[in-house]
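Coordinate inspection notes
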Amino acid sequence: MATSPVPPPVPGWAVWTLRALTTLVTALILVQPVLAGLFVTGDVGMLEMHSMTASILVAVIFLQLVAAILVWRPGRGPAWPAGACAALFVTAELQSGMGYARLLAVHIPLGVLLFGLSVALLVAVWSPRVRRSRPRRTPEAAR
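Reading guide: rules and limits
Residues numbered from 1 in each chain as written. Predicted model: local features only at pLDDT ≥ 70, side-chain atom pairs only at ≥ 80, totals over all residues. Heavy atoms only, no water. Helix = DSSP H or I, 4+ residues; strand = E, 2+ residues; numbered from the N terminus. Contact = heavy atoms within 4.5 Å. Axes fitted to C-alpha atoms, helices over the stretch in contact; angles between N-to-C directions. Parallel < 35°, antiparallel > 145°, perpendicular 65-115°, else oblique. Left-handed = near helix turned anticlockwise from the far one by under 90°. Patch = residues over 30% accessible without salt bridge, like charges linked within 9 Å, V, L, I, M, F, W, Y side chains within 5 Å. Areas by Shrake-Rupley, 256 points an atom, 1.4 Å probe, with all protein chains shown as cover. Salt bridge = Lys/Arg side-chain N within 4 Å of Asp/Glu carboxyl O. Buried < 20%, exposed > 50% of the residue type's maximum accessible area, 1.4 Å probe, protein only. Core = buried A, V, L, I, M, F, W, Y, C linked by side-chain atoms within 4.5 Å. Phe/Tyr/Trp six-rings, centres within 6.5 Å; stacked < 30°, edge-to-face > 60°. Lys NZ or Arg CZ within 6 Å of the ring centre and 35° of its normal.

1. Details of the environment of Thr91
Among the secondary structure elements, Thr91 is positioned in helix α3 (residues 80–100). For the pair formed by Thr91 and Val58, sequence separation is 33 residues and the distance between their alpha carbons is 9.7 Å. Residue contacts for Thr91: discarding those within four places in its chain leaves Leu110, Leu113, Leu114 and Leu117.

In structure tokens:
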């Protein structure tokens, strides 16, 4: 019985790109309640800044999703970051729509959910397990 060789780790550039974008996403999500709070306390210009940051955040989450797909498919890494980033992207789009519609009863809880998802993803992508490649499928394994 032959042992299969250990697969090479996921390319460092892919993992570090995902880590950097995930860190940026989490930082932007942390800024959002501060901007909203400043608006509520009377600085009306902060609403425009909150809106602009939301647009930037959705764009960065999309880039994060692309990075997660690159870790998964060509990098042969785990698939879960791509799924988590896709869920984060859909939630952020929904969150943004609820904010523009002024549906704060949905907007605020979604913001809390986004924060929780982003922190969980941040911890996960900084763990060493993201660098582990999936083993290659062999014809013997398919039987």
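2. Re the packing of helix α1 (residues 12–40) against helix α4 (residues 104–125)
As a packed pair, α1 and α4 sit with axes 9 Å apart at the nearest point and diverge in direction by 155°. One finds that α1 runs roughly antiparallel with respect to α4. When you trace α1 past α4, the crossing you get is left-handed. Contacts between α1 and α4 involve Leu18, Arg19, Thr22, Thr23, Thr26, Ile29 and Leu30 from the former and Leu114, Phe115, Ser118, Val119, Leu121, Leu122 and Val125 from the latter.

3. Thoughts on a nonpolar patch on the surface
Nonpolar side chains collect at one region of the surface, where Trp13, Phe62, Leu63, Val66 and Leu70 lie side by side and expose about 470 Å² of accessible area between them. With 4 residues, helix α2 (residues 45–72) is the single largest residue contributor to the nonpolar patch. Note that Leu63 resides in helix α2. Under the relative-accessibility criterion, Leu63 is labelled partly exposed at 47%.

4. Regarding the packing of α3 against α4
The relative placement of two packed helices is expressed as an angle between their axes plus a distance between the axes. Look at α3 against α4: their axes get within 9 Å of each other, and the N-to-C directions meet at 160°. When the interaxial angle is binned, α3 and α4 end up roughly antiparallel. Classified by chirality, the crossing of α4 by α3 is left-handed. Along its contact with α3, which presents Trp80, Ala84, Cys85, Leu88, Thr91, Ala92, Leu94, Gln95, Met98 and Gly99, the element α4 presents Val106, His107, Leu110, Gly111, Leu113, Leu114, Leu117, Ser118, Leu121, Ala124 and Val125.

5. Some words on the environment of Ala36
Positionally, Ala36 belongs in helix α1. Distance in space between the C-alpha atoms of Ala36 and Glu48 is 9.8 Å, their sequence separation being 12 residues.

6. Overview of the side chain of Gln32
Of note, Gln32 is situated in helix α1. Those residues in contact with Gln32, other than ones at most four positions away along the chain, are His50, Thr53 and Ala54.

7. A look at the nonpolar core
Core analysis: the biggest nonpolar cluster contains 25 residues, and Leu18, Val25, Leu57, Ile61, Val71, Cys85 and Leu88 have the highest contact counts within it. Contributing elements (two or more residues each) for this core: α1, α2, α3 and α4. Broken down by element, the residue count for this core peaks at 8 residues, all from α2.

8. Observations regarding the packing of aromatic side chains
Aromatic ring pairs: the centre-centre distance and the angle between the two ring planes describe each pair. A complete count under the given rule lists 2 aromatic pairs for this structure. Above the face of the Trp16 ring, Arg19 is positioned so that its terminal group lies 4.9 Å from the ring centre.

All quantities given are derived from atomic positions and should not be read as evidence of function.
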